[in-house]
Amino acid sequence: MATPLEAWVEEAARRTRPKEVVWCDGSEGEAQRMVERLVAEGRTIRLNENTYPNCILHRSDPSDVARTEQVTFICSRRKEDAGPTNNWMAPEEAKQKVGALFQGAMTGRTMYVVPYLMGPAESAMTRVGVEVTDSPYVVVSMRIMARIGKIALERIGKANDFVPGLHSLGDLNPERRFVLHFPEEKLIWSIGSGYGGNALLGKKCFALRIASWMAREEGWMAEHMLILGLEDPSGKVTYMAAAFPSACGKTNMAMMVSALEDSGYRVWTVGDDIAWMQEGPDGQLYAINPEAGFFGVAPGTNDLTNPNVMEAVKRNTIFTNVATTASREPWWEGMTPQAPPGLLDWQGRVSAGAKSPAAHPNSRYTVPAQQAPRISPHWEDPAGVPISAIIFGGRRARVAPLVYESLSWQHGVFVGAGMASETTAAITGEVGVRRRDPMAMLPFCGYHMGDYFRHWLEMGRRIARPPKIFHVNWFRKGSNGQFLWPGFGENVRVLKWILERVNGKGQAEETPIGFVPTKRALTLDGLQISPENMEELLRVDAADWQKEAGEIGTFFKKFGDRLPPELREEQAHLTERLNLVASTKG
Ligand code: SAT
Ligand code: MN
């Protein structure tokens, strides 16, 4: 008798007709054989063995360089369960239409079976997935991003409970590219892309879209959040989780080298992209990082913005779509002030110099988490780490101050639900347009977002000691168009204030949008910043916020009667508080 896993793999093979089926064990030898295949295929090279040992560069198809939200679907039985923010396709229609594309899609290719764990091996919060794929690049990437092979098979053996994911490169034609989620079946189908979140099915597809559905059913949370620990001078570590849209600096923040190290504030990395959280026995919210590696944006990364990752990516790293120097080292815009001579661009052509970027704006490094110099000793703790603060944020050139604290959990949910950010190169489409991105989950919530807000409110009522909720904005600009805040390691100054607020200290002024630090509350020693800039960074402009509140109200209309009434109330309260300020001033 075949096990359910064997039966599913056989069915996948019958459909896609590969020339062979290889079960991956996750070993180093296997990874080296995959790299040999990749090199033979011609789109992958080994980098300089002396300076970047065991590192490769993969050049993806030029039409396949970012996540494609327009071809990402939630295939729930009922359309309304996918909600207004997701693309929806009926499950039968999806199976027919995309099933036809899978028919014989692996002819002449090898099908790899990759069992994987999302979460530390010993954790009760950990889940199992199995991805079958015809891409060796996906296999070597999954080996870094998740815990693959034997370790996962053992866990399936016991419970026979896994999320299957069928992936094929197909013909890489964007017209025939689909990323499908069947949440009721807990099944993923992806065809036509070999890139990042489209193809590494453990990441966005499982750990966010499918997991968010499971989390609502089972009473936990699957969130697009980094996790970090902030150590204070007494040695105590306080954990925080932060949600920012793709390519807004989650990895840099999680790996931050604190500007306040000398006074005893250090940052420990737990995760850079996804948090699975559940209430612990002591009534606090506990988080695990379901991933085992970082898939970070390369451009802009350097010894100042993220020295920890610069150190981490010097070995055992996969680079995707970066440029290469004459000595076969990776390079990207912002790595060094000047482009080195003899550069090849991300497609392997002689670089056109300043005319177009040598590295693709969404080029990436894929690096094992344990190589991070400041990886937390608790990053694989089966119980997770207790979260004291949840931080929302985005890229906002205007309006949102550097930091503010919500007035309550319910108000914090409103803050998260009304979040907006300017789009980045992480997704196909226009860059720099502002879009509402609730909890940074717009592309990742696997069900109706109105129900998702309700689940957040419900969690707040259930958790005995819920974290405080904050909002940050590192990206506010002055009238000259320059960033007002230096960002990166200096962001620890904001985290320090958040820590103080968590501990019932930290000076704040109550404004209509929440608690904003007083002028003296932020530790600014050693930082060159003018008092005017500081003032502008913390300014809450009533007129700007009236407009913002109105836009949030319009956005909320999308959710119809599935919008929890609490959020409509919060929106009305914000408007009232703003009116009050305007009338007392006027
Ligand atoms: O390509 S991914 O979806 O993994 C990266 C991102 O958009 O955050
Ligand atoms: Mn992400």
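Residues numbered from 1 in each chain as written. Chains lettered and ligands numbered in written order. Predicted model: local features only at pLDDT ≥ 70, side-chain atom pairs only at ≥ 80, totals over all residues. Heavy atoms only, no water.

Participant: I'd love a proper account of the packing of helix α15 (residues 542-557) against helix α16 (residues 565-585), names of residues and values included.
Facilitator: Remark: α15 packs on α16, axes separated minimally by 10 Å, with the N-to-C direction vectors making an angle of 160°. Taken together, the axis directions place α15 and α16 in an arrangement best described as roughly antiparallel. You can see that α15 and α16 cross each other, and the crossing is left-handed. When α15 is examined against α16, the residues A542, W545, Q546, A549, G550, G553 and F556 are found in contact with a partner set consisting of L567, Q571, L574, T575, L578 and N579. Residues belonging to the contact of α15 with α16 are distributed by class as follows: seven nonpolar, six polar and no charged. (Axes fitted to C-alpha atoms, helices over the stretch in contact; angles between N-to-C directions. Helix = DSSP H or I, 4+ residues; strand = E, 2+ residues; numbered from the N terminus. Parallel < 35°, antiparallel > 145°, perpendicular 65-115°, else oblique. Left-handed = near helix turned anticlockwise from the far one by under 90°. Contact = heavy atoms within 4.5 Å. Nonpolar A, V, L, I, M, F, W, Y, C, P; charged D, E, K, R; others polar.)

Participant: I'd like a rundown of the pattern of salt bridges, residues and numbers included.
Facilitator: Two side chains bearing opposite charge may form a pair once their charged atoms approach each other closely. Following the criterion strictly, the structure yields 37 salt bridges and no others. Across the pair E551 and R434 runs a salt bridge, and its minimum N-O distance is 2.6 Å. Of this pair, E551 sits in helix α15 while R434 sits in strand β26 (residues 434-436), and the two are 117 residues apart along the sequence. In this structure E551 comes out as partly exposed when scored by relative accessible area, which is 26%. Note on R434: relative accessible area 39%, which makes it partly exposed. Taken together, the shared-partner salt bridges connect R78, D81, R216, D451 and R562 into one network. (Salt bridge = Lys/Arg side-chain N within 4 Å of Asp/Glu carboxyl O. Buried < 20%, exposed > 50% of the residue type's maximum accessible area, 1.4 Å probe, protein only.)

Participant: Break down the coordination of the manganese ion (ligand 2) for me, citing the residues and quoting the values.
Facilitator: Taken together, K204 (NZ), H224 (NE2) and D273 (OD) make up the full set of protein donors to the manganese ion (ligand 2), lying 2.0 to 2.2 Å away. Mapping the donors of the manganese ion (ligand 2) onto the primary sequence yields the spacing K-x19-H-x48-D. Of the two residues, H224 is situated in the loop between β12 (221-223) and β13 (225-231) and D273 in the loop between β15 (266-271) and β16 (275-279); the sequence distance between them amounts to 49 residues. Considered together, H224 and D273 belong to a single accessibility category, that of buried residues. (Donors = N, O, S within 2.8 Å, 3.2 Å for Na, K, Ca; no water.)

Participant: So, α16: which residues are in play, and what are the values?
Facilitator: For an α-helix, 3.6 residues make a turn, and residues three or four places apart therefore share a direction. The first and last C-alpha atoms of α16 sit 30 Å apart over 21 residues, in line with the 30 Å expected at 1.5 Å per residue. Of the residues making up α16, those classed as buried are E566, L567, E570, Q571, L574 and L578. Relative to the axis of α16, the buried residues are bounded by an arc of 145° and lie together on one face. For α16, exposure combined with an orientation more than 90 degrees from the buried face picks out L580, S583 and T584. The inward-facing, buried residues of α16 contact α11 (409-417), α12 (449-462) and α15. (Expected span 1.5 Å × (residues − 1). Arc of directions from axis to C-beta.)

Participant: Any details on the nonpolar core? Residues and values, ideally.
Facilitator: Ranked by internal contacts, the top residues of the largest apolar core, which has 155 residues, are W276, W456 and I498. The element that contributes the greatest number of residues to this core is helix α8 (residues 202-218), accounting for nine residues. Those residues in contact with W456 that lie beyond four places of it in its chain are M221, E223, M225, I390, F392, W409, V413, M439 and I469. Grouped together as the second largest cluster of nonpolar side chains are 29 residues, C75, F102, M111 and W189 included. (Core = buried A, V, L, I, M, F, W, Y, C linked by side-chain atoms within 4.5 Å.)

Participant: Go over the site of ligand 1 with me, naming the residues and quoting the values.
Facilitator: The immediate surroundings of ligand 1 are formed by R67, G196, G197, K203, K204, S246, F295, R364 and A426. In the environment of ligand 1, an oxygen atom lies 2.9 Å from a nitrogen or oxygen atom belonging to the backbone of G197. At a separation of 2.8 Å, an oxygen atom of ligand 1 approaches a polar side-chain atom of S246. Alone, ligand 1 offers 260 Å² of accessible surface; in the complex the protein occludes 97% of this. Partitioning the shell around ligand 1 into residue classes produces two nonpolar, three polar and four charged. (Near = heavy atom within 4 Å. Polar contact = N/O pair within 3.5 Å; in protein donor to acceptor, adjacent residues only side chain to side chain. Areas by Shrake-Rupley, 256 points an atom, 1.4 Å probe, with all protein chains shown as cover.)

Participant: How would you summarise the sheet that holds strand β22 (residues 364-368) if you had to cite specific residues and measurements?
Facilitator: A sheet is described by the order of its strands in space; here five strands give the open sequence β2-β3-β19-β22-β18, paired in mixed fashion. Single-partner strands in this sheet number two, and they are β2 (44-46) and β18 (293-297). Across the sheet, the mean angle from the axis of one strand to that of its neighbour is 20°, orientation sign disregarded. Bridge count for strand β19 (residues 318-320) against β22 is three bridges, and the pairing is antiparallel. Bridge pairing links T320 to R364 in β22. The strands touched by helix α2 (residues 28-41) within the sheet are β2 and β3 (56-58), with β2 carrying the most contacts at an inclination of about 120°. (Pairing = 2+ DSSP bridges.)

Participant: Could you give an account of the packing of aromatic side chains, naming the residues involved and the relevant values?
Facilitator: The final tally for this structure, using the stated rule, is 24 aromatic pairs. Taken together, a centroid distance of 6.1 Å and an interplanar angle of 70° make the contact between F475 and F483 edge-to-face. On the accessibility criterion, F475 (13% relative accessible area) is buried. Grouped by ring-pair contacts, the aromatic residues W213, F392, W409, F414, Y447, Y452, F453, W456, F555, F556 and F559 constitute a single cluster. One residue, R501, lies across the ring of F515, its end atom 5.0 Å from the ring centre. (Phe/Tyr/Trp six-rings, centres within 6.5 Å; stacked < 30°, edge-to-face > 60°. Lys NZ or Arg CZ within 6 Å of the ring centre and 35° of its normal.)

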